[in-house]
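Inside the fold
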Amino acid sequence: MYAASREALAHTRSALQSALGSGAETAAAAQAGSELLSVVEALDSQRTLRGALADASAPAAIRETLAEQVFGSKVSAPALATVKAAVGQDWSAQSDLTNSLVQLGREALLQAAANQDQLDTVEDELFRLGRIVAGNGELEQALSDRNTSVEAKRELLSRLLYGKSTAITSTLAVHAVGRLKASPADTFDELSALAATQRDRAVAHVRSAAALNEEQSDRLAATLTRVYGKPVTVHVEVDPELLSGLVVRVGDEVIDGTAAGRLAAVRKSLT
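Presented here is a report on the structure given in the accompanying data block. (Residues numbered from 1 in each chain as written. Predicted model: local features only at pLDDT ≥ 70, side-chain atom pairs only at ≥ 80, totals over all residues. Heavy atoms only, no water.)

With that settled, consider the environment of Leu20. As for its placement among the helices and strands, Leu20 is situated in helix α1 (residues 3-20). For Leu20, a relative accessible area of 11% puts it in the buried group. Distance from Leu20 to Ala32, taken between C-alpha atoms, is 8.5 Å for residues 12 residues apart in sequence. Those residues in contact with Leu20, other than ones at most four positions away along the chain, are Ala28, Ala29, Ala32, Pro78 and Gln111. (Helix = DSSP H or I, 4+ residues; strand = E, 2+ residues; numbered from the N terminus. Buried < 20%, exposed > 50% of the residue type's maximum accessible area, 1.4 Å probe, protein only. Contact = heavy atoms within 4.5 Å.)

Below, the structure is given as structure tokens:
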């Protein structure tokens, strides 16, 4: 995202936060988040409308009036204020407008989760969902198959999550599977990381040859917290193929302390 779009996103985020207020109620934040994702679905399906709202050659006031005409009777005041603020900005690319509304919709939903003290639960559920999908080739194929309709994918995931996750986790995941930019598992991991970011935490994805007990997990989290200078949430996935030890990934940094990793390093040194 270029500078113009970063500035536009910052302005639109401020508009959302102002519209919700500092003490935003859970219901208002959840509603605004869901509505922003619905607006994105409308824009994704209506190319002409999307182009008109993102047309930097048209006066901002014209674009804002059009947004109010289209969405004014369909969304709440905070969502409408956010959409109008977004279309009134000049974006570096048309896709930045819709992607930013997705980002803000997700942030509003996560704010609602935080208001209910569910943010850590949502983060963990999204991570677990990513691991379940990654470990089930048939499910991952079904969710990523371009020949399957978005509605069918969302219906499949809704059924899988029904009664097994919070409403916010379900809303985030079901919407995301309809506009995948990466694999389903990676997309759910990104959502989990966004939830951690809302708590001002880093996320450590840990692959371990054996399950970690609570004490080991707490020690690892404490060590990584010291290393990275901020709280770190540890998500552990057991992978017997590692033979022993751990692989820890925080952002783009990977720390490989496994027997498999050491063997790979030895092999590389011999080639």
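Next comes the rest of the description.
Strand pairing within a sheet occurs via backbone hydrogen bonds; the two strands may be parallel or antiparallel. With respect to topology, four strands assemble into an open sheet ordered β2-β1-β3-β4, the strand pairing being mixed. Both edges of this open sheet fall to β2 (232-238) and β4 (253-256), since each of them pairs with a single strand only. Ignoring which end each strand starts from, the neighbouring axes of this sheet average 20° apart. As judged from the five bridges shared by strand β1 (residues 202-208) and strand β3 (residues 246-250), these two strands associate in the antiparallel manner. Residue pairing in the sheet places Val206 in a bridge with Val248 of β3. Packed onto the sheet, helix α7 (residues 119-134) meets β1 and β2 and runs at close to 30° relative to β2. (Pairing = 2+ DSSP bridges. Axes fitted to C-alpha atoms, helices over the stretch in contact; angles between N-to-C directions.)

So, on to the pattern of salt bridges. All told, the structure shown has 13 salt bridges when counted by the stated rule. Arg207 is the partner of Asp239 in a salt bridge, and the nearest nitrogen-oxygen pair spans 2.8 Å. Taken together, the positions of Asp239 in the loop between β2 and β3 and Arg207 in strand β1 put the pair 32 residues apart, joining distant regions of the chain. Through salt bridges that share partners, Arg131, Asp189 and Glu237 make up one connected network. (Salt bridge = Lys/Arg side-chain N within 4 Å of Asp/Glu carboxyl O.)

Glancing now at the packing of α1 against helix α5 (residues 77-87). Between α1 and α5, the least distance of the axes is 8 Å, while the angle of their chain directions is 160°. Judged on the interaxial angle alone, α5 and α1 are roughly antiparallel. Here the hand of the crossing between α1 and α5 comes out right-handed. Mapping the contact onto sequence places His11, Thr12, Ala15, Leu16, Ala19 and Leu20 in α1 and Pro78, Ala81, Thr82, Ala85 and Ala86 in α5. Its residues assigned to classes, the contact of α1 with α5 comprises eight nonpolar, three polar and no charged. (Parallel < 35°, antiparallel > 145°, perpendicular 65-115°, else oblique. Left-handed = near helix turned anticlockwise from the far one by under 90°. Nonpolar A, V, L, I, M, F, W, Y, C, P; charged D, E, K, R; others polar.)

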